[in-house]
Amino acid sequence: QVRLVESGGGLVQPGGSLRLSCVSSGNIVSRATMGWYRQPPGKQRELVASISSSGSTNYADHVKGRFTISRDIAKNTVYLQMNSLKPEDTAVYFCNELFLGLSRWGQGTQVTVSS
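Please read these numbers as outputs of a predicted model, since none were measured by experiment. (Residues numbered from 1 in each chain as written. Predicted model: local features only at pLDDT ≥ 70, side-chain atom pairs only at ≥ 80, totals over all residues. Heavy atoms only, no water.)

With that settled, consider the nonpolar core. Counting residues in each nonpolar core, the largest one holds 28 residues, and the members touching the most others are Trp36, Leu80, Met82 and Tyr93. For this core, the elements supplying multiple residues, two or more each, are strand S3 (18–24), strand S4 (33–39), strand S5 (46–51), strand S7 (67–72), strand S8 (77–82), strand S9 (91–99) and strand S11 (109–113). Here the element with the most residues in this core is S9; it accounts for four residues. Beyond its immediate chain neighbours, meaning those up to four positions away, Leu80 contacts Leu18, Arg19, Leu20, Trp36, Val48, Ala49, Phe67, Thr68, Ile69 and Tyr93. (Core = buried A, V, L, I, M, F, W, Y, C linked by side-chain atoms within 4.5 Å. Buried < 20%, exposed > 50% of the residue type's maximum accessible area, 1.4 Å probe, protein only. Helix = DSSP H or I, 4+ residues; strand = E, 2+ residues; numbered from the N terminus. Contact = heavy atoms within 4.5 Å.)

Turning to the packing of aromatic side chains, a few remarks are in order. Geometry of an aromatic ring pair is reported as the spacing of the ring centres plus the angle between the planes. Counted according to the given criterion, the structure contains two aromatic pairs. Between Tyr37 and Trp105, the ring centres sit 4.9 Å apart and the planes meet at 65 degrees, which makes this aromatic pair edge-to-face. Linking Tyr37 in strand S4 with Trp105 in strand S10 (residues 102–105), this pair joins segments that are 68 residues apart in sequence. Aromatic side chains Phe94 and Trp105 sit 6.4 Å apart centroid to centroid with 85 degrees between the ring planes, which places their arrangement in the edge-to-face category. (Phe/Tyr/Trp six-rings, centres within 6.5 Å; stacked < 30°, edge-to-face > 60°.)

On to the side chain of Asn76, then. Structurally, Asn76 is set in the loop between S7 and S8. For Asn76, a relative accessible area of 16% gives the class buried. Among all residues touching Asn76, those that are not within four sequence positions of it are Cys22, Val23, Ser24, Gly26, Asn27, Ile28 and Val29.

So, in structure tokens, the structure goes:
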């Protein structure tokens, strides 16, 4: 069974940066649509960014210009570089893999932006 494992979360001050990583145990990062979602406290899960099999990227409006999604196919890993973090970016961040209609999720990693 394919597993997604996120890492890189933590506590950061406003204006700071973090890089999240998502390692897929399946060898399909190059063929899947990989996404980062987040779920703020008491709110629904929402899309943050995605990268398609062709490499095209998509971002939620509220992170454009601050967050960057990328992938390393050789390492089966997807990254989310988060800069200029704001308190409202506080959430559990989840990695998602969509391939042939199947959607898989990681366990999530907590990001807290606070002074």
